[in-house]
Amino acid sequence: MMTLANKITLTRAAMSIVMFLFILLPYAWARIVAILIFIVAASTDWVDGKIARQTHTITPFGAIVDPFVDKILVIAAFFAFVGIPNLNVPLWAVFLILLRELMVSNLRAIAALEGKVMAAERWGKFKTVVQMSAIGTIFFVLLMYHLSHLLSGIGQTVCLFLFILLRNIPYTITVIAAVITWMSAISYLRNNWDLLKKSWSLPQCKQ
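Cut-offs used in this document
Residues numbered from 1 in each chain as written. Predicted model: local features only at pLDDT ≥ 70, side-chain atom pairs only at ≥ 80, totals over all residues. Heavy atoms only, no water. Phe/Tyr/Trp six-rings, centres within 6.5 Å; stacked < 30°, edge-to-face > 60°. Buried < 20%, exposed > 50% of the residue type's maximum accessible area, 1.4 Å probe, protein only. Helix = DSSP H or I, 4+ residues; strand = E, 2+ residues; numbered from the N terminus. Salt bridge = Lys/Arg side-chain N within 4 Å of Asp/Glu carboxyl O.

Colleague: Go over the packing of aromatic side chains with me, naming the residues and quoting the values.
Modeller: A ring pair, where both rings are aromatic, is described by two values, the distance of the centres and the angle of the planes. Taken as a whole, this structure holds 6 aromatic pairs when the rule is applied. On the basis of an interplanar angle of 10 degrees and a centroid distance of 6.2 Å, the ring pair of Tyr27 and Trp29 is categorised as stacked. Judged by its relative accessible area of 44%, Tyr27 is partly exposed. Aromatic side chains Phe38 and Phe139 sit 5.5 Å apart centroid to centroid with 45 degrees between the ring planes, which places their arrangement in the tilted category. Here Phe38, found in helix 2 (residues 28–54), pairs with Phe139, found in helix 5 (residues 122–150); they are 101 residues apart in sequence, far enough to count as distant. A residue is classified by how much of its surface remains accessible, and Phe38, at 7% relative accessible area, is buried. Of the aromatic side chains, those joined through ring pairs into one cluster are Phe22, Tyr27 and Trp29.

Laid out in structure tokens, this is it:
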């Protein structure tokens, strides 16, 4: 029977897909819904981990799938942002983030084949915080853009001012997220290099 923590993890994966679709819809209401979905989905990452620890229901499935679902949430948001010209989110930086996440996911799979669970490192946790913060900031810029068209009077003026002031932030913060993401990748590779070398070498025959 699937644990509650794992059910929450899979729900977060489904929410990531829905969030992606709502970001792509060119309507203010849809992107506000996407922001709410992101907040809830990001919160469940903390919730499912806490539940698994407190109920002593940590499973191999959760250990492997939970970080993978986090990657789905991050990549879904960044790629959807690329499709919004007003945000100017660089595709090359998002591609680098995707490349790193696929690489580390494969490294986790190699570890699993060796009967090991590759625990999250400090750099990996910091990377996740940076990515989530970047997405939250970009959502805020997007919200200011829509509110500058929806509101009137002083509210419209304030939102338009904030959007103009912050309109270059999505590009910059995505690049920063890509750099931090690859710094964490280097840490993972360095700490698991022996495992990687073992995976591409033929087993030695005993004499």
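Structure shown, so let's carry the discussion forward.
Colleague: How would you explain the pattern of salt bridges if you had to name every residue and give the values?
Modeller: In the structure shown here, the tally under the stated rule is 7 salt bridges. For the salt bridge of Asp48 with Arg12, the shortest nitrogen-to-oxygen distance reads 2.8 Å. In this pair, Asp48 sits in helix 2 while Arg12 sits in helix 1 (residues 4–24), placing the two residues 36 residues apart along the sequence. Pair check on accessibility: Asp48 and Arg12 agree, each one buried. Ionic pairing is found between Glu101 and Lys71, a salt bridge with its closest N-O pair at 3.6 Å. Residue Glu101 is found in helix 4 (residues 91–113), and its partner Lys71 is found in helix 3 (residues 60–82); the two are separated by 30 residues along the sequence. For Glu101, a relative accessible area of 3% puts it in the buried group. Residue classification places Lys71 among the buried residues on the basis of a relative accessible area of 8%. Taken together, the shared-partner salt bridges in this structure form one network comprising Arg12, Asp45, Asp48, Asp66 and Asp70.

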